Amino acid sequence: MSNISSNIKFLRKKKGLTQQQFADQVGIKRSLVGAYEEERAEPKYELLKTLALFFDVSIDDFINETINEKWAPKPKGNPANLRVLSISVDKDDNENIELVPLKASAGYLNGYADTEYVAHLPKLYLPMFKQGTYRAFEIKGDSMLPLVSGTIIVGEYQENWADVKTGETYVIISKNDGIVYKRAGNKFKENKKLKLISDNPVYEPYDINGEDVLEIWKAKAYISTHLPMPTPEPTMESLTSMMAQMQRSIANLKSNN
């Protein structure tokens, strides 16, 4: 279990509230407060948001940090500071994999942080993705060929943007560009530019401002109705290129010896 139970108890006492007084102020039963503080139960996401707001802490700190007299919140500009993410859960309290289709991509920029909006998105069930938080995005355009327009990218939520790795692919949600699927050209640094690279060489790399980024999802899988074409027969030109490359490799080996 997370640090939620000890954090509720510490913050409640810091406000000088009894369990009953605290329960009355947040609108829950006193028995639930006892269950939360004794680790017999854990609040649902909606209540977690209410408690975090009541105690004036971020929901991520409330869940993941040990809050005590020595604790201090992370600076807001620190890329290691976790972001708040709206999610939906199924009847068993497991996180859903929401699908953001093309027709919903514009609305997602306004509703990505709205739990009610996210809850109404279509859902995917992918049993191989049980641990973690995932979301699926339908991409458009041909900038990431051979993945064609209409391909669905399944991404894992990137909590710490400092973990973005050069050369790996991500779904980037930004204020100006909306939803794009690109390869990272550099490490993410707050208040710096992030270079985005298309797999299709026809498209030039470009930079976006770090402060424009809203969410980052690390690509883990894709779903497509476009099946790959057979490998073409080798041409004289491709064979000649292969021979030239082999000759250069042999020459390099000889020079090294």
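Our subject in this report is the structure included herewith.

Cut-offs used in this document
Residues numbered from 1 in each chain as written. Predicted model: local features only at pLDDT ≥ 70, side-chain atom pairs only at ≥ 80, totals over all residues. Heavy atoms only, no water. Helix = DSSP H or I, 4+ residues; strand = E, 2+ residues; numbered from the N terminus. Rg over C-alpha atoms; globule rule 2.2 N^0.38 Å. Buried < 20%, exposed > 50% of the residue type's maximum accessible area, 1.4 Å probe, protein only. Areas by Shrake-Rupley, 256 points an atom, 1.4 Å probe, with all protein chains shown as cover. Lys, Arg positive; Asp, Glu negative; His and termini not counted. Charge placed at Lys NZ, Arg CZ, Asp CG, Glu CD. Phe/Tyr/Trp six-rings, centres within 6.5 Å; stacked < 30°, edge-to-face > 60°. Lys NZ or Arg CZ within 6 Å of the ring centre and 35° of its normal. Pairing = 2+ DSSP bridges. Contact = heavy atoms within 4.5 Å.

### Observations concerning the overall build of the protein
Point 1. Broken down by element type, the protein carries eight helices and nine strands.
Point 2. What you see for the protein is a C-alpha radius of gyration of 24 Å, clearly larger than the 18 Å of a compact globule of 257 residues, by over 25%.
Point 3. The C-alpha extent of the protein, read off along each of the three principal axes, is 85 × 45 × 35 Å.
Point 4. For the protein, with 257 residues in total, the buried portion stands at 37%.
Point 5. Summed over all atoms, the accessible surface of the protein reaches about 15,700 Å², with 53% contributed by carbon and sulfur.
Point 6. The positive charge centre, built from 33 side chains, and the negative charge centre, built from 34, are 4 Å apart in the protein.

### A word on the packing of aromatic side chains
For any pair of aromatic rings, the description rests on two quantities: the centre-to-centre distance and the angle between the ring planes.
Point 1. Applying the stated rule across the entire model yields 10 aromatic pairs.
Point 2. The structure contains a cluster of three or more aromatic residues connected by ring pairs, namely Y108, Y112, F137, Y157 and W217.
Point 3. For K15, the ring lying beneath its charged end belongs to F54, and the centroid distance is 5.0 Å.

### With respect to the sheet that holds strand 2 (residues 123-124)
Point 1. Taken together, nine strands build an open sheet; the order of strands is 2-1-3-4-9-5-6-7-8 and the sheet is mixed. Every other strand in the sheet has two partners, leaving strand 2 and strand 8 (206-209) as the edge strands with one partner each.
Point 2. Here strand 1 (residues 97-100) runs beside strand 3 (residues 134-138); their pairing, made up of three bridges, is parallel. By the bridge assignment, L99 is partnered in strand 3 with A136.

### A word on the side chain of S198
Point 1. Relative to the elements of secondary structure, S198 occurs in the loop between strand 7 (193-197) and strand 8.
Point 2. Its relative accessible area of 8% is what places S198 among the buried residues.
Point 3. Setting aside its immediate chain neighbours within four residues, S198 contacts S143, M144, K182 and Y203.

### So, the pairing of strand 7
On any regular strand, side chains alternate: one points to one face of the sheet, the next to the other face.
Point 1. With burial as the criterion, only one face of strand 7 is covered, namely that bearing L194 and L196; the residues K193, K195 and I197 on the opposite face remain uncovered.
Point 2. Judged from the two bridges that link them, strand 6 (residues 178-184) and strand 7 form a sheet pairing that is antiparallel. Its bridge partner being in strand 7, A184 is matched across the sheet by L196.

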